[in-house]
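Geometric and topological summary
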Amino acid sequence: MKRSWNITFGRRRLQAIGLGIAVAVAATSLAACGGGTSSGDGSGTVSFFSWDNQQTMQPLLDEFQKENPTIKVDFSWAPPVSQYISTLQTRLRSNTAADVFIITAENKVQIMNGKLAKDLSKEPFIQNIAQSAKDTYTKDGAIYGAATSSWGGGILYNKDLLAKVGFTQAPRTWDEFLSLCHKLKDAGITPFLEAADGIPVTVAALVGLQNQQLGGTMDAQIWAGKESFSNTWTQPLTMWEQLFSQGIETRSAAGLTGDQVTQEFEKGTVAMTATGSWALGSISKAAPNLNLGFMAVPGQSGTYWAGAVAPGYAINAKTEHPAAAEKFVTFLQSKTAVEMAQKASGAITTTADYTPTIDPALSDMVSAVRAGEFYLPQSSWLTNSDALDTEATALLQQLAQGKASPQQVASGLDTKLKSLNG
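None of the values given here were measured: they were computed from a predicted structure. (Residues numbered from 1 in each chain as written. Predicted model: local features only at pLDDT ≥ 70, side-chain atom pairs only at ≥ 80, totals over all residues. Heavy atoms only, no water.)

1. Thoughts on the sheet that holds strand β4 (residues 71-77)
Stated precisely, the cut-off is as follows: Think of it this way: DSSP has to see at least two bridges between two strands before they count as a pair. Each helix is a run of H or I in the DSSP string that is no shorter than four residues. Each strand is a run of E no shorter than two, and both are numbered from the N terminus. Helix axes are fitted to C-alpha atoms over the stretch in contact, other axes to C-alpha atoms as well, and angles between N-to-C directions run from 0 to 180 degrees.
Here we have four strands laid out as an open sheet, ordered β4-β3-β5-β15, and mixed in their pairing. Of all strands in the sheet, those with a lone pairing partner are β4 and β15 (312-315), marking the two edges. In this sheet, neighbouring strand axes are inclined to one another by 30 degrees on average, regardless of whether the strands run parallel or antiparallel. Relative to β15, strand β5 (residues 100-103) runs antiparallel, the two sharing four bridges. Along β15, the bridge assignment pairs F101 with A314.

2. Structural notes on the nonpolar core
What counts here: Working definition of a nonpolar core: buried Ala, Val, Leu, Ile, Met, Phe, Trp, Tyr and Cys residues. They are joined through side-chain atoms within 4.5 Å. When accessible area is computed with a 1.4 Å probe and restricted to protein chains, residues below 20% of their type maximum are described as buried, those above 50% as exposed, and intermediate ones as partly exposed.
Formed by 85 residues in total, the largest nonpolar core has its most connected members in L162, F192, W233, L243, M272 and W381. Formed by 50 residues, the second largest nonpolar core is a distinct cluster that contains A78, F101, I102 and F331.

3. Regarding the side chain of Q333
The criterion, for reference: Each polar contact in these results corresponds to two N or O atoms within 3.5 Å; when the atoms are within protein, one needs to be able to donate a hydrogen and the other to accept it, and residues that are neighboring in sequence are counted only if both atoms are side-chain atoms. The contact rule is simple, with two residues in contact once any of their heavy atoms fall within 4.5 Å.
Relative to the assigned elements, Q333 resides in the loop between α13 (322-332) and α14 (335-345). One polar contact links Q333 to N128, side chain to side chain, over a distance of 2.9 Å. Of the polar contacts made by the side chain of Q333, one reaches the backbone oxygen of T330; its length is 2.8 Å. Apart from the residues within four sequence positions on either side, Q333 is in contact with F125, N128, I129, T148, V338 and T351.

4. Digging into the pairing of β4
In the case of a regular strand, side chains alternate between the two sheet surfaces. In plain terms, the rule: Looking down the strands as they point away from the viewer, one classifies a crossover as right-handed if the path from the first strand across the helix to the second runs clockwise.
The buried fraction of β4 is high, at six of seven residues. Alignment of strand β3 (residues 44-50) against β4, held across seven bridges, turns out to be parallel. Note on β4: the bridge partner recorded for S47 is D74. Handedness of the β3-helix α2 (residues 54-67)-β4 crossover: right-handed.

5. Side note on the packing of aromatic side chains
Pairs of aromatic rings are described using the distance from one ring centre to the other and the angle between the two planes. Cut-off, in case you're wondering: Only the six-membered ring of Trp is used, alongside the rings of Phe and Tyr, when aromatic pairs are assigned; centres must lie within 6.5 Å, and planes under 30 degrees apart are stacked while those over 60 apart are edge-to-face, with the rest tilted. Counting as a charge over the ring demands two things of the Lys NZ or Arg CZ atom: a distance within 6 Å of the ring centre and an angle within 35 degrees of the ring normal.
Scanning all chains against the criterion turns up 16 aromatic pairs. Aromatic side chains F64 and F328 sit 4.9 Å apart centroid to centroid with 70 degrees between the ring planes, which places their arrangement in the edge-to-face category. Taken together, the positions of F64 in helix α2 and F328 in helix α13 put the pair 264 residues apart, joining distant regions of the chain. This pair shows no difference in class: F64 is buried, exactly as F328 is. Centroid distance W151 to W278: 6.2 Å. Interplanar angle 70 degrees. Geometry classified as edge-to-face. With W151 in strand β8 (residues 149-158) and W278 in the loop between β10 (270-276) and α12 (280-286), the pair connects residues that are 127 residues apart, well separated along the chain. Each of the two residues, W151 as well as W278, counts as buried. Taken together, the ring pairs connect F48, F64, F75, Y313, F328 and F331 into an aromatic cluster. Just above the ring of F49 sits the side chain of R91; from NZ or CZ to the centre is 5.3 Å.

Laid out in structure tokens, this is it:
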């Protein structure tokens, strides 16, 4: 979210496939998603609220309706991450949410705690879902989302531009990365550009190294009051801020979206960007002549990937069309649908019945991603991940602009968490 997927896909987040100019959505608005009819055999109407736009989803929608001609899909979308989540939460509270929607790292706690999605643990298709994906969206034995892939986030680079400054191997430390950036800048090449409309991939990975040093328990310790954002985030943020204080990345980048950064990278004038594996397919399609590679984010104690289990498909617990919704989600995790989506996005899929051909540019991250060796704050935070994500994004933008220090950002997150937890 997340973007993509951060994701968030992330981010990315994203992080996520389908960011861009919206195309016309289906004629029926989501506010009317409770309308239509649906018989016990799954005919009728199913509404779907996505954070991928219609252009991205249309091939899947067409294939589903080809296989299920008696079911009409009412499609709508909102861009990730914050706009999608706030729209979904509003509609869930007002009982106007779609029959099928996206559950993400940023909103899973609220959805699972409120039992706002149907338990999928008894659905036949759930056996096709990877265990790590089940675990991500499980609470008290109930599975609330069906995720078909995981994603890794790192530094995507233009091999031809890096070759101009003698690049031969990926930096192993943050200082080596900064040195590479300065070589590119001295050669008249824009070294690095990263979106700041969410928690940046570089920040997530650098914080992930801190989590790794604490045995993967960092967030649990913060929530238990044994650790703090100030103690764990200040050092990674100090490193990230060097991109701006050393003139590697312009401070105006704080106002850029993931889509804007991607478009600049696709022009072939930016040497490196930080993004997720989900972005590779669309970038390669838009700029097929780019010679691309992915590297992990280097830190002080090693290198690490941002990443998470991708957003999952969830069925509204109050759907009036359960049979049609189940058929739709069954299709979305099927070999046919997963293969179609993977070929379009280059995603690292994890379903049991399909083994994808992975783009060589992802070869360095695949094993780590499939082993779950990645970190995304929004996936790891124990509560209020959506509110913390919004706060972190705003604070990080201030840091990029030179209006806040790393210490102020980290302590600001401590203050926000305290206020949210009462």
